[in-house]
Amino acid sequence: MIITPECVATAQELARLPGKTKRPSYHIMDAQALRLNQALVTNGVSYISFIPNELLEMIFVETVKATRADEDYSFSCALARLRLRSRPELLLTSVSQRWRAVALGMPLLWTEIRLFLQQNVDLVNLYLTRSQGQLLDMRFIGIHCDLHSQGLPEFDPDYLRISRIILSHVHVCRRLEVHGAFPFPKLLNGFKRIKAPMLEELTVHYPLNIPNSRHLLFTEDLFLSADRLTALTLNGLWVSGLSPENFNNLLSHLTSLTHLTLIGEPVDFVRSMDIPVVEIPLLQTMVLKPGPNISRTYLPTVFRTIRAPALRELVLDFHTATSSRDIQSLVDKLKRGAPPFPSVRLLTLCSRSMAYDGWHALAHAFSGITTLSVSKCIMNQLMGFLSCAGRRDAFPNLRTLLFDDVQFEWSLLIQLLQIREAAGMPVREVKMRGFKKHAQSELVGKLVASLATYTPVVIGWT
């Protein structure tokens with residue numbers, strides 16, 4: 001599309017109309033606006049064509065971010081379905097010649113490299129070319145959803161090509177994520193011979209029930225840059241997990257690590273004795289999300305072997321635990337032992353249920369927290385625990401509550417706020433997920449007003 005000087009002049013005249021026209025002449029303005037708008041349409045010009053390139057680039061970036069944030073990587077088939085989704089940056093280049101030129105002039109728009117089995121490698125090469133040497137975010141999804149597929153995927157020509165792509169570009173990779181439902185020895189062996197000096201985030205989902213990933217990435221000659229990697233995520237079962245020696249050796253090398261996420265049971269503590277303690281001096285956030293049927297020793301061993309003097313945020317996600325028995329050993333340890341992470345100020349707890357014994361253990365182990373976030377299934381249980389006689393002094397520094405929903409017993413919240421205020425330990429802020437869309441309703445308005453009469457608490461949303 002070519003924008004002529006006449007089109008620009010027409011658009012400028014149209015923009016000046018509201019300032020020039022007085023109220024009695026609205027019908028004239030409408031006629032002029034209609035005429036000028038028709039002139040723009042005749043010349044093939046739309047209002048959006050006059051957005052500056054700088055603003056258009058910002059719109060592109062936010063569009064791509066919003067699309068990525070909406071993607072779910074929780075299940076293997078969901079991961080496989082990503083192959084069928086259109087990439088937003090590709091769609092943006094097909095709108096017009098100008099949009100295409102703007103998008104192609106933004107190398108950072110093309111740095112997320114998705115790698116799947118049976119995919120078109122030409123598309124990968126296209127992204128690598130358009131990224132123009134910028135640091136890459138690479139995600140390899142080595143999962144087959146076709147249950148009737150024949151042959152071993154680790155010998156698939158596409159897999160071998162993808163492995164070569166990863167190994168040849170990992171030196172300019174900022175973020176690497178590997179999902180696998182089968183062994184990938186070519187990739188494992190390749191990592192032993194290369195370096196990734198720019199890698200800041202590493203996510204590894206071990207192959208399930210395949211005992212070869214215990215050697216993944218963790219040799220004496222570590223391929224990672226110990227002073228650059230800040231985020232590490234490990235996901236797997238203990239039968240295919242890291243040995244405690246390799247796990248501790250890895251963490252002791254990563255001196256810049258600030259975020260650690262352990263999903264499932266990625267470390268084999270079951271078959272090991274005399275596990276050494278490792279200190280992670282800069283660790284600020286740790287997420288523990290154990291899977292179903294975890295071994296009873298796993299969580300207590302994690303708490304015992306990791307020392308994190310700067311840890312500020314701890315997330316305990318027990319949603320996938322099959323029963324409370326799976327975490328009872330951790331509860332027993334927290335009740336009896338010294339607080340494992342006394343520096344924690346934000347505790348997030350996600351669970352389907354939490355018994356009184358569990359709340360008592362958490363109150364003992366994390367008495368210094370100032371913010372407590374809980375999932376919707378246990379909101380009433382928390383408020384009941386904090387309101388009962390004998391436990392009203394739990395979490396004495398608690399000032400902020402974060403609830404995962406607005407559906408809970410508001411009378412319990414009012415009672416809790418009164419009790420904390422009278423005890424000299426007031427809660428000053430309550431935030432609820434999804435509260436914003438209900439904030440204007442009459443019922444919520446009355447509840448918020450009733451809260452304000454009891455204590456000066458701020459009601460907000462996340």
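Quick look at the structure, then. (Residues numbered from 1 in each chain as written. Predicted model: local features only at pLDDT ≥ 70, side-chain atom pairs only at ≥ 80, totals over all residues. Heavy atoms only, no water.)

### A closer look at the pattern of salt bridges
- Taken as a whole and judged by the stated rule, the model has 14 salt bridges.
- The salt bridge involving D404 is made with R433; its shortest N-O contact spans 2.6 Å. Here D404 is found in the loop between strand 13 (400-403) and helix 15 (410-422), whereas its partner R433 is found in the loop between strand 14 (429-432) and helix 16 (435-438), with 29 residues between them in sequence.
- Residue class for D404 comes out partly exposed when judged on its relative accessible area of 29%.
- A residue is classified by how much of its surface remains accessible, and R433, at 46% relative accessible area, is partly exposed.
- Taken together, the shared-partner salt bridges connect E112, R114, D137, R139, R174, R175, E177, E200, E201 and R228 into one network. (Salt bridge = Lys/Arg side-chain N within 4 Å of Asp/Glu carboxyl O. Helix = DSSP H or I, 4+ residues; strand = E, 2+ residues; numbered from the N terminus. Buried < 20%, exposed > 50% of the residue type's maximum accessible area, 1.4 Å probe, protein only.)

### Observations concerning the pairing of strand 1 (residues 112-116)
- Of all the five residues making up strand 1, five are buried; the element is thus mostly covered by neighbouring parts of the structure.
- Of the two faces of strand 1, the one carrying E112, R114 and F116 and the one carrying I113 and L115 are both buried.
- Bridge analysis of strand 1 against strand 2 (residues 136-142) gives five bridges, and the strand direction is parallel. Note that in strand 2 the partner of F116 across the bridge is I141.
- Taken together, strand 1, helix 7 (residues 121-130) and strand 2 constitute a β-α-β crossover, and its handedness is right-handed. (Pairing = 2+ DSSP bridges. Right-handed = clockwise from strand over helix to strand, strands pointing away.)

### A closer look at the packing of aromatic side chains
- One pass over the structure, following the stated rule, counts nine aromatic pairs.
- With a centroid separation of 6.4 Å and 85 degrees between ring planes, the pair formed by F247 and F269 is classed as edge-to-face. Of the two residues, F247 is situated in helix 10 (residues 244-253) and F269 in the loop between strand 6 (259-264) and strand 7 (278-279); the sequence distance between them amounts to 22 residues.
- Through successive ring pairs, a cluster of aromatic residues spans F247, F269 and Y298.
- Sitting above the plane of the W110 ring, R130 keeps its charged end 4.7 Å from the centroid. (Phe/Tyr/Trp six-rings, centres within 6.5 Å; stacked < 30°, edge-to-face > 60°. Lys NZ or Arg CZ within 6 Å of the ring centre and 35° of its normal.)

Interpretation note: all reported values are geometric properties and have no functional meaning in isolation.
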